[in-house]
Amino acid sequence: MDPVLSRRALNRATLDRQLLITRTTRPVIEVIEHVAGLQAQTPHSWYTGLWNRIEDFRPEDAAELLESRQIVRIALQRSTIHLVSARDCLAMRPLVQVVTERMTRSTFGRKLEGVDLDELASLGRSLLEQGPMTFATLGRALGERWPGHDQHALGQGVRWLVPLVQVPPRGVWGRSGPIAHTSAASWLGFEAPAMTPGELVLRYLRAFGPAGVKDVQTWSGLTRLSEVVSSLDLVTYRDPSGRVLYDLPDAELPPEDLPVPVRFMYDFDNLFLSHEDRSRVVEHVDLLRRFAPYNVQPRTILVDGFPAGDWTTARAKGTTTLTIHRWEPFDPAEAVEEAGRLLAFLAPEDRHDVVISEGPSRT
């Protein structure tokens, strides 16, 4: 019989692999590769994800990597924007290309009828490599070749057919800019071999395991990975419901009673988005649903490894205030201390205030 791992054991294992129990001193680019990328469709909130994981993290360190093209923001897993190293960008994108294709065909397929896709890819790449463009500008340019076609659909077709990166200053700490794209190939200027499905599964388990096949598929957007997983040299466990979980033979599991610190998570942290069964990191599913009508993902506060509240910030007259919204009673002392450190990171030039409020920020 496979050993059974409790929900708390899975919680501690996942937090440990996500570098959320003890901050690391490893370089930024190594951390980004270790966690298999950070979801980064918002331009700046992912910096908090790195701050949670890296000791003495400076946002300038990541911004410099972005500007020097060592890390990039590109549509990858689940066809959402992720922050990855240049090497992982080129290795992962061919493998998950099918995910973007599936989603684009589902949404825009009819609007692209009559468009030669090879020509669309070639023209789109040529236009973007002459100079980065927003999708609105790209769509207008493509509309000159295919008048009468939906310009937004044409731009999204290029996003599917050509790996595109968002270029700085978009995403650079303390700066802003248009959501402009160019091809990953021209931006990075080198080639890398595509990652195999087996290599992707191993990267996932090192960042999120132990996990089941459906968990890997939820994270990546890929399907039919059962045969891939079964072909690998892995150890197996069971979760409390009897699901088979796979893991790397050399991966260590921390004690399930290991104390863990309070963490202020950013809104789209992959900790919450990378398992089909999220019970290892999510309680209060009913509370999380309250945020759905607002089309937002709460910035949750982990207490004892599970969401126990969310946090918001507001700035007025030179003071940035962080509000801790408690979903349930917990001793706020450690959270207040961590909030103070987070404020020093987010708004170093401001005065700071921490406020405690009962109940979620959106009800």
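For the structure, check the block above.
The structure contained in this document is the topic of the report that follows.

Criteria and cut-off values
Residues numbered from 1 in each chain as written. Predicted model: local features only at pLDDT ≥ 70, side-chain atom pairs only at ≥ 80, totals over all residues. Heavy atoms only, no water. Pairing = 2+ DSSP bridges. Helix = DSSP H or I, 4+ residues; strand = E, 2+ residues; numbered from the N terminus. 1 Å grid on protein atoms, 1.4 Å probe; cavity = no way out; pocket = protein on both sides within 12 Å on 5 of 7 lines; lining within 4 Å. Points joined across faces, edges and corners; volume = space filled by probe spheres on them. Nonpolar A, V, L, I, M, F, W, Y, C, P; charged D, E, K, R; others polar. Expected span 1.5 Å × (residues − 1). Buried < 20%, exposed > 50% of the residue type's maximum accessible area, 1.4 Å probe, protein only. Contact = heavy atoms within 4.5 Å. Salt bridge = Lys/Arg side-chain N within 4 Å of Asp/Glu carboxyl O. Right-handed = clockwise from strand over helix to strand, strands pointing away. Phe/Tyr/Trp six-rings, centres within 6.5 Å; stacked < 30°, edge-to-face > 60°. Core = buried A, V, L, I, M, F, W, Y, C linked by side-chain atoms within 4.5 Å.

1. What about the sheet that holds strand E5 (residues 181-183)?
Here is step 1: Read from one edge to the other, the open sheet built from five strands follows the order E1-E3-E2-E4-E5, with strand pairing classed as antiparallel. Each of the sheet's edge strands pairs with one partner strand only, and the pair in question is strand E1 (38-39) and E5.
Here is step 2: By the bridge criterion, three bridges tie strand E4 (residues 164-166) to E5 in an arrangement that is antiparallel. Bridge pairing links Gln166 to His181 in E5.

2. Describing the layout of surface pockets
Here is step 1: Taken as a whole, the largest pocket spans an internal volume of roughly 290 Å³.
Here is step 2: Taken together, 13 residues make up the lining of the largest pocket; nearest its centre are Ser45, Thr48, Arg299, Thr313 and Leu346.
Here is step 3: Looking at the lining of the largest pocket, the elements with two or more residues in it are strand E10 (306-316) and helix H14 (333-346).
Here is step 4: Counted as a void, the second largest pocket has a volume near 200 Å³.
Here is step 5: Ser79, Thr80, Met103, Gln156 and Arg159 are, among the 14 residues lining the second largest pocket, the residues nearest its centre.
Here is step 6: Sort the elements by how many residues they give to the lining of the second largest pocket and helix H5 (residues 86-108) lands first, with five residues.
Here is step 7: Here the lining of the second largest pocket is composed, by residue class, of four nonpolar, nine polar and one charged.

3. Focus on helix H10 (residues 197-208)
Here is step 1: Under the 1.5 Å per step criterion, the end-to-end length of H10 is 16 Å for twelve residues, consistent within 8% with the ideal 16 Å.
Here is step 2: Every buried residue belonging to H10 is among Gly198, Leu200, Val201, Tyr204, Leu205, Ala207 and Phe208, and all of these are buried.
Here is step 3: Structurally, H10 contributes buried residues whose contacts are with helix H1 (7-17), helix H2 (28-34), H5, helix H11 (213-220), helix H12 (226-230) and strand E7 (244-247).

4. Describing empty space enclosed by the protein
Here is step 1: Counted according to the given criterion, the structure contains three cavities of 30 Å³ or more.
Here is step 2: The space that makes up the largest cavity amounts to roughly 50 Å³.
Here is step 3: Taken together, Arg73, Ile74, Ala75, Ile81, Arg93, Arg159, Val162, Leu164, Val165, Gln166 and His181 form the lining of the largest cavity.

5. Structural notes on the pattern of salt bridges
Here is step 1: Counted under the stated rule, the structure contains 23 salt bridges.
Here is step 2: Among the ionic pairs, Glu338 bridges to Arg23, the shortest N-O distance being 2.9 Å. Of this pair, Glu338 sits in helix H14 while Arg23 sits in the loop between H1 and H2, and the two are 315 residues apart along the sequence.
Here is step 3: Here Glu67 ties to Arg175 by a salt bridge, and the two come within 2.7 Å at their closest N and O atoms. Placement of the pair is Glu67 in helix H4 (residues 59-67) and Arg175 in the loop between E4 and E5, with a sequence separation of 108 residues.
Here is step 4: You can call Glu67 partly exposed: its relative accessible area is 40%.
Here is step 5: Since its relative accessible area comes to 42%, Arg175 is described here as partly exposed.

6. As for the pairing of strand E12 (residues 351-358)
Here is step 1: As paired elements, strand E11 (residues 319-326) and E12 share eight bridges and run parallel to each other. Bridge assignment links Thr320 to a residue of E12, and that residue is His352.
Here is step 2: You can see the chain leave E11, run along H14 and come back into E12, and the turn it takes is right-handed.

7. Structural notes on the packing of aromatic side chains
Here is step 1: This structure, assessed with the given rule, holds nine aromatic pairs.
Here is step 2: Residues Trp173 and Phe345 carry aromatic rings whose centres are separated by 5.3 Å and whose planes lie at 35° to one another, so their mutual orientation is tilted. Taken together, the positions of Trp173 in the loop between E4 and E5 and Phe345 in helix H14 put the pair 172 residues apart, joining distant regions of the chain.
Here is step 3: In this structure Trp173 comes out as partly exposed when scored by relative accessible area, which is 24%.
Here is step 4: Overall, the relative accessible area of 9% leaves Phe345 in the buried class.
Here is step 5: Relative to Phe208, the ring of Tyr204 has its centre 5.2 Å away and its plane inclined at 25°; by these criteria the two rings are stacked.

8. Looking at the nonpolar core
Here is step 1: Val72, Ile74, Cys89 and Val165 are the most contacted members of the largest nonpolar core, which totals 37 residues.
Here is step 2: Among the elements of the structure, strand E2 (71-75), H5, helix H9 (184-188), H10, H11 and H12 are those that each provide at least two residues to this core.
Here is step 3: Tallying contributions element by element places H5 first for this core, with eight residues.
Here is step 4: Leaving out residues up to four positions away in the same chain, Val72 has contacts with Leu66, His82, Leu83, Val84, Cys89, Val165, Trp187 and Leu188.
Here is step 5: Ranked by size, the runner-up nonpolar core spans 35 residues in total, among them Trp46, Val172, Trp311 and Ala339.

These results come straight from atomic positions and should not be treated as a statement about function.
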